[in-house]
Amino acid sequence: MHGNAFLTSSIIINMSKSITFYVQPGGKLQGEARVPGDKSMSHRSIMLGSLATGVTHVKGFLEAEDALATLQAFRDMGVEIEGPVNGELTIHGVGKHGLKAPKNDLYLGNSGTSMRLLSGLLAGQAFNSVLTGDKSLSGRPMKRVTDPLAMMGADIKTTEKGTAPLHITGKAGQLTAIDYAMPIASAQVKSCLLLAGMYAQGVTTVTEPAPTRDHTERMLTGFSYPVKQEGSIAKDGVYAAGLPGAGAAKVSISAEGSLTATDIDVPSDISSAAFFLVGASIAPGSDLLLKHVGVNPTRTGIIDILRLMGANIEVLNERTVGGEPVADLHVVYSPLKGIDIPEHLVPLAIDEFPVLFVAAACAEGQTRLTGAEELRVKESDRIQVMADGLQILGVDAQSTEDGMIIQGGAIGGGEVISHGDHRIAMSFSIAGLRATAPITIHDCENVNTSFPEFRDLAKRLGLDLVCRED
Ligand code: S3P
């Protein structure tokens, strides 16, 4: 039923077209831009706004397929949501126990965040549900959430391989809290368990092996729901993410609490800004200002890594908006050098490695990434797909089990495949800025999952990109 398109009340998302990007070599990035809203925060604004009592207004919402899949899922569970219009939404919260049984399966497209967070939230509801996704999402590991949820008493059936569809039998009033040490640093697993913990008897505690994005915790606090954070919170209450030896963070939650509606201002997504941070860093003559970017310290690994490589990035006008740090980022071209990427920065830049590999290809010397096996289970196997594509472009890129070794040098032209992965498609587009011949990128339709404006914005800022739809 979902082969070609799925419908939100105002938007038809067409998944059948094949989109190819053609990038001419050279150019530089110049000017000012505000990239679209943060994807992680957009998902969470719908989830928590729906569970709140009262009306939540959201500004800066990301109108892209992933966040719209979450929005549609909550409409399917009886939540009235107006918009989005120019990134603005009005959510008429139904309260913590107000969701209704969906009439059909909840189709979540390409969105791992929707599926993993919803599995935790739906485990403790008074109704059953089925979560489905596209081909990529249906191949991604779900045991990382269903195993700890089972320890809480949840009943979720996966395929034999531990993948979606997820058949959830709601266990309202029957979940019990766990104290869980996550084997992997995953904000999705942490957030899933915190959402389940809101419906469990006792105090659910999640310990992370390394700090991961903390938007769920911050937004819960914004909705007046009690969450306790310990461990990595250092110096003046500032989350010490990324500090070597900061120690594991513990987050605790219980069913004692309710959410009160609030207004949310979603900043620009640093993961979308990342393409232009790298683009301007590698293209001589570039000078770019990216405005109102979320700079939560659990997300700024991209800035730290690029600076270690010699990038010229200034963080200006830092302020706090709705409990999240926001700043303008000024980036000017600067020759990069290869580095060994510190492992403690990996979870803090987890979505930015495809484009960081492009930066490494343009750097002088060798760049080595280790400790990043998680990249193999993202929207694609980002280690293999990037190594294959870079090799086609003549770059010496060797994949390893948990990372990549890249010798900087010239980037040539050629035809690469994004494997339906939005961040791969955008990363190879950015490579065009330093390529010596045109680059063709196939299979780019999923850029719409996170950054539908990418091609227009990239063109406006100076990338010579043409797009063909078949
Ligand atoms: C996300 C967490 C990350 C990230 C994903 C969004 C989130 O995944 O890769 O794009 O919103 O919580 P993991 O937590 O699995 O690393």
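Residues numbered from 1 in each chain as written. Predicted model: local features only at pLDDT ≥ 70, side-chain atom pairs only at ≥ 80, totals over all residues. Heavy atoms only, no water.

Caption draft 1: Focus on the overall build of the protein. The secondary structure content of the protein amounts to 12 helices and 29 strands. What you see for the protein is a C-alpha radius of gyration of 21 Å, in line with the 23 Å of a compact globule of 470 residues. Summarising its shape, the C-alpha atoms of the protein cover approximately 60 × 50 × 40 Å along the three principal directions. When the accessible area of the protein is evaluated, it comes to approximately 16,600 Å², of which 50% is carbon and sulfur surface. (Helix = DSSP H or I, 4+ residues; strand = E, 2+ residues; numbered from the N terminus. Rg over C-alpha atoms; globule rule 2.2 N^0.38 Å. Areas by Shrake-Rupley, 256 points an atom, 1.4 Å probe, with all protein chains shown as cover.)

Caption draft 2: Structural context of the sheet that holds strand β7 (residues 88–94). Read across the sheet, four strands follow the order β6-β7-β5-β20 without closing on themselves; strand pairing throughout is mixed. Lying at the two open borders of the sheet, with one neighbouring strand each, are β6 (80–85) and β20 (263–265). Geometrically, the sheet is characterised by an average inter-axis angle of 15 degrees between neighbouring strands, direction not taken into account. Where strand β5 (residues 53–59) meets β7, six bridges bridge the pair, whose relative direction is antiparallel. Bridging across to β7, V58 finds its partner in L89. In the packing of helix α2 (residues 65–76) onto the sheet, contacts are made with β6 and β7, and the angle to β6 comes to roughly 155 degrees. (Pairing = 2+ DSSP bridges. Axes fitted to C-alpha atoms, helices over the stretch in contact; angles between N-to-C directions. Contact = heavy atoms within 4.5 Å.)

Caption draft 3: Quick peek at the environment of H215. Structurally, the position occupied by H215 is in helix α6 (residues 215–222). A relative accessible area of 1% means that H215 is categorised as buried. Those residues in contact with H215 that lie beyond four places of it in its chain are D38, S40, M41, R44, N296, R299 and E324. (Buried < 20%, exposed > 50% of the residue type's maximum accessible area, 1.4 Å probe, protein only.)

Caption draft 4: Molecular detail of the domain arrangement of the protein. When its domains are assigned, the protein resolves into domain 1 (16–37 + 267–469) and domain 2 (39–265). A C-alpha centroid distance of 27 Å is found between domain 1 and domain 2. With 31 residues of domain 1 in contact, the opposing surface of domain 2 contributes 31 residues. Both faces combined, the contact of domain 1 with domain 2 buries some 2,500 Å², and carbon together with sulfur accounts for 50% of it. Area buried by domain 1 at its contact with domain 2 is led by T298, E379 and T449, which between them contribute 20% of it. Linking R140 and E379 is a salt bridge whose minimum nitrogen-to-oxygen distance equals 3.9 Å. Scanning the region where domain 1 abuts domain 2 turns up 13 residue pairs in polar contact (both at pLDDT 80 or more). Looking at the side of domain 1 that touches domain 2, the elements that each hand over two or more residues are β23 (324–332) and α11 (422–431). Tallied by class, the residues present in the side of domain 1 that touches domain 2 amount to 11 nonpolar, 11 polar and nine charged. (Domains from an automatic or database assignment. Buried area = accessible area lost by both parts, 1.4 Å probe. Salt bridge = Lys/Arg side-chain N within 4 Å of Asp/Glu carboxyl O. Polar contact = N/O pair within 3.5 Å; in protein donor to acceptor, adjacent residues only side chain to side chain. Nonpolar A, V, L, I, M, F, W, Y, C, P; charged D, E, K, R; others polar.)

Caption draft 5: Expanded view of the packing of aromatic side chains. Under the defined criterion, the tally for this structure stands at six aromatic pairs. Ring centres 6.1 Å apart and planes at 90 degrees place the aromatic pair F276 and F451 in the edge-to-face group. Highlighted residues: F276 in helix α7 (residues 270–282) and F451 in the loop between β28 (439–442) and α12 (454–461), separated in sequence by 175 residues. Judged by its relative accessible area of 0%, F276 is buried. You can call F451 buried: its relative accessible area is 0%. (Phe/Tyr/Trp six-rings, centres within 6.5 Å; stacked < 30°, edge-to-face > 60°.)

Caption draft 6: Broad picture of the nonpolar core. With 82 residues, the main nonpolar core has F276, L290, L306, F353 and F454 as its most contacted residues. Apart from the residues within four sequence positions on either side, F454 is in contact with F21, F275, F276, M426, S429, I430, V447 and L465. One finds A164, A200, V251 and I264 within the second-largest nonpolar core, a separate group that totals 63 residues. (Core = buried A, V, L, I, M, F, W, Y, C linked by side-chain atoms within 4.5 Å.)

Caption draft 7: Molecular detail of unusual backbone geometry. Following G83, the chain continues into P84 via a peptide bond in cis, with omega recorded as 5 degrees. Mapped onto the fold, P84 is located in strand β6. Cis geometry is found at the peptide bond from A164 to P165, where omega equals 5 degrees. With a phi close to 65 degrees, S224 is a non-glycine residue in the positive phi region.

Caption draft 8: Up close: the pattern of salt bridges. Applying the stated criterion across every chain, the model contains 21 salt bridges. Ionic pairing is found between R213 and D351, a salt bridge with its closest N-O pair at 3.2 Å. Residue R213 is located in the loop between β15 (204–207) and α6, and its partner D351 is located in the loop between β23 and α9 (353–362); the two are separated by 138 residues in the primary sequence. This pair shows no difference in class: R213 is buried, exactly as D351 is. Taken together, the shared-partner salt bridges in this structure form one network comprising R140, R213, D351, E379, R382 and D421.

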